[in-house]
Amino acid sequence: MTKVAGIDSSTQSTKVVVCDAETGKVVAEASAPHPEGTEVHPDAWWSALDAATSGGLLDDVAAIGVGAQQHGLVTLDEAGDVVRPALLWNDTRSAAAADDLVRDLGGPAAWAEAVGSVPVASFTVTKLRWLAQHEPHLAERVTDVMLPHDWLTWRLLGPGSSPVTDRGDASGTGYWSPATGAYREDIVERAFGRVPRLPRVLRPQETAGETPAGVLVSAGTGDNMAASLGLDAQAGDVVVSLGTSGTAFAVHSRPVADPTGTVAGFADATGQYLPLVCTLNAARVLTAAARMLDTDLAGLDRLALSAPAGADGLVLLPYLEGERTPNLPDATGTLAGLRRANMTPENLARAAVEGMLCGLADGLAALRALGVEVRRVLLIGGASRSRAVRASAPMVFGAPVVVPQPGEYVALGAARQAAWALAGGNQPPRWDADHSSGEVREVTAADAQAGERIRTAYATAWSTSYGV
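The paragraphs below set out a description of the structure included in this document. (Residues numbered from 1 in each chain as written. Predicted model: local features only at pLDDT ≥ 70, side-chain atom pairs only at ≥ 80, totals over all residues. Heavy atoms only, no water.)

**A word on the overall build of the protein chain**
Line of reasoning, step 1. Helix and strand counts for the protein chain stand at 15 helices and 24 strands.
Line of reasoning, step 2. Judged by the C-alpha coordinates and their principal axes, the protein chain covers about 65 × 55 × 40 Å.
Line of reasoning, step 3. Within the span of the protein chain, comprising 468 residues, buried residues form 60% of the whole.
Line of reasoning, step 4. If you take every contact in the protein chain between residues at least 6 apart in sequence, the share linking residues at least 24 apart comes to 72%.
Line of reasoning, step 5. Only carbon and sulfur atoms are counted for the fraction: they give 49% of the accessible area of the protein chain, which is about 17,900 Å². (Helix = DSSP H or I, 4+ residues; strand = E, 2+ residues; numbered from the N terminus. Buried < 20%, exposed > 50% of the residue type's maximum accessible area, 1.4 Å probe, protein only. Contact = heavy atoms within 4.5 Å. Areas by Shrake-Rupley, 256 points an atom, 1.4 Å probe, with all protein chains shown as cover.)

**A few points about the environment of valine 285**
Line of reasoning, step 1. Topologically, valine 285 is positioned in helix H10 (residues 283-292).
Line of reasoning, step 2. Counting along the chain gives 223 residues from valine 285 to alanine 62, while the straight-line C-alpha distance between them is 40 Å.
Line of reasoning, step 3. Setting aside anything within four residues of it in sequence, one finds valine 285 in contact with Leu316, Pro318, Leu320 and Ala352.

**What to know about the nonpolar core**
Line of reasoning, step 1. In this structure, Val4, Trp111, Val125, Leu128, Leu131, Tyr175 and Ile187 are the most contacted members of the largest nonpolar core, which totals 60 residues.
Line of reasoning, step 2. It is helix H14 (residues 409-423) that contributes the most residues to this core, eight residues altogether.
Line of reasoning, step 3. Residues Ala250, Leu300, Val315 and Cys358 belong to the second largest nonpolar core, which totals 57 residues. (Core = buried A, V, L, I, M, F, W, Y, C linked by side-chain atoms within 4.5 Å.)

**Describing the layout of surface pockets**
Line of reasoning, step 1. Taken as a whole, the largest pocket encloses approximately 1,000 Å³ of empty space.
Line of reasoning, step 2. Lining the largest pocket we find 49 residues, and of these Ser241, Gly243, Thr244, Gly381 and Gly382 sit closest to its centre.
Line of reasoning, step 3. The residue makeup of the lining of the largest pocket, split by class, is 20 nonpolar, 20 polar and nine charged.
Line of reasoning, step 4. Computed from the structure, the second largest pocket encloses a volume of approximately 380 Å³.
Line of reasoning, step 5. Together, 25 residues line the second largest pocket, and Cys358, Gly359, Asp362, Gly363 and Tyr458 are the ones closest to its centre.
Line of reasoning, step 6. For the lining of the second largest pocket, the secondary-structure elements that each account for two or more residues are strand E19 (273-279), helix H12 (345-369), helix H13 (387-397) and helix H15 (448-466).
Line of reasoning, step 7. With 10 residues, H12 is the largest single contributor of residues to the lining of the second largest pocket.
Line of reasoning, step 8. Here the lining of the second largest pocket is built from residues that sort into 14 nonpolar, seven polar and four charged. (1 Å grid on protein atoms, 1.4 Å probe; cavity = no way out; pocket = protein on both sides within 12 Å on 5 of 7 lines; lining within 4 Å. Points joined across faces, edges and corners; volume = space filled by probe spheres on them. Nonpolar A, V, L, I, M, F, W, Y, C, P; charged D, E, K, R; others polar.)

**Quick notes on empty space enclosed by the protein**
Where empty space is left can be seen by rolling a probe of water-molecule size over the atoms.
Line of reasoning, step 1. One pass over the structure, following the stated rule, counts three cavities of 30 Å³ or more.
Line of reasoning, step 2. Space inside the largest cavity adds up to approximately 80 Å³.
Line of reasoning, step 3. Forming the walls of the largest cavity are Gly310, Leu314, Val315, Leu316, Ala351, Glu354, Gly355, Cys358, Ile454, Ala457 and Tyr458.
Line of reasoning, step 4. Of all the secondary-structure elements, those providing two or more residues to the lining of the largest cavity are strand E20 (315-317), H12 and H15.
Line of reasoning, step 5. Here the lining of the largest cavity gets four residues from one element, more than from any other, and that element is H12.

Below, the structure written as structure tokens:
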């Protein structure tokens, strides 16, 4: 059996799966945690990868692919040393820089036309502007700018290698255009004052090189692109991932440009496109609500399922850590519709579940408005294991929902890309895929009217809080 490995270097941990290159069957896996925070020295990712693969996990692996969190800013100096800890996607200190850049280029529509997305604090380009403005002594040392997956791929290739990236991850920088397939160096210069070295953008099936031990390394990609590849998402499938962040994304045949900034017009890892909506607040909304109610996630489930759909009018705007979509980096959570009769633990638990899902339902509406087909939702991520989430999602989304078998889909997608680079060809290998678990297959909302009431109440609470 020929084996390939996929690495998922996420915000919270490194996860590694080893698969049969022909079928995709997982034959081994391991993980190791990352430090908390919104800035992390990249060496922590390397240490976690070393810990996860200790004991010979990668022995006899023929190829490796890396999927990693998007948008993070990794800066190196001429000697190849890290200039400062990486600023991660969930670091919002560059919010003011994002606003300045949007104005500098002529507004949101100009950005959407230039690079397919309107930058917010998550994007790499805004972090470059922040670094130049707030740490000029460090900015002066920077010779190379990379993303987290670029840096890990570069470390795997060893001394003397040249940094590379892929079109999927590059499309989340704010200075690479999916429509033209090229960097916008003028935007880099506008943000940073000059143009440092940027990684070469590889084709989806192209190899980055080999490790010193002779193991092939694929192009790698961003985490959302890798998850789409791992799920083998097709036209009409919208993947909703409920992890640290919440994302809704779909494979699409053409680039999109949303001047409102709601949808980021990313590329995918296969040569197509991946329009995406991202919220900062997802699974941790549930853990925070459970903590507030002095219970665990299982207890939160029980409480939420004991409340009626709509939580008797209680609505949570779950902006517990600011928000990316809508662009409200300084927002806080809001509990609306409070009445003496509905102030119960059950309703609060239900409102937490529905509020988290409503943010993603707005994302589905934005995708539909751009012509993206929403035939069904593939629901993944840690919060998809919640029974209350599974019960509420079809209703809130207004679409059939499938919960795939639990799996490390980012790592699986990275492994599938590695198998593709190993085998060659124009299409990734066909791997066995079961998009429905033994517990949940396709579920359609039993009460479409209840879903409409929930979304309307959420929209009303939002309008009241933010004056729109």
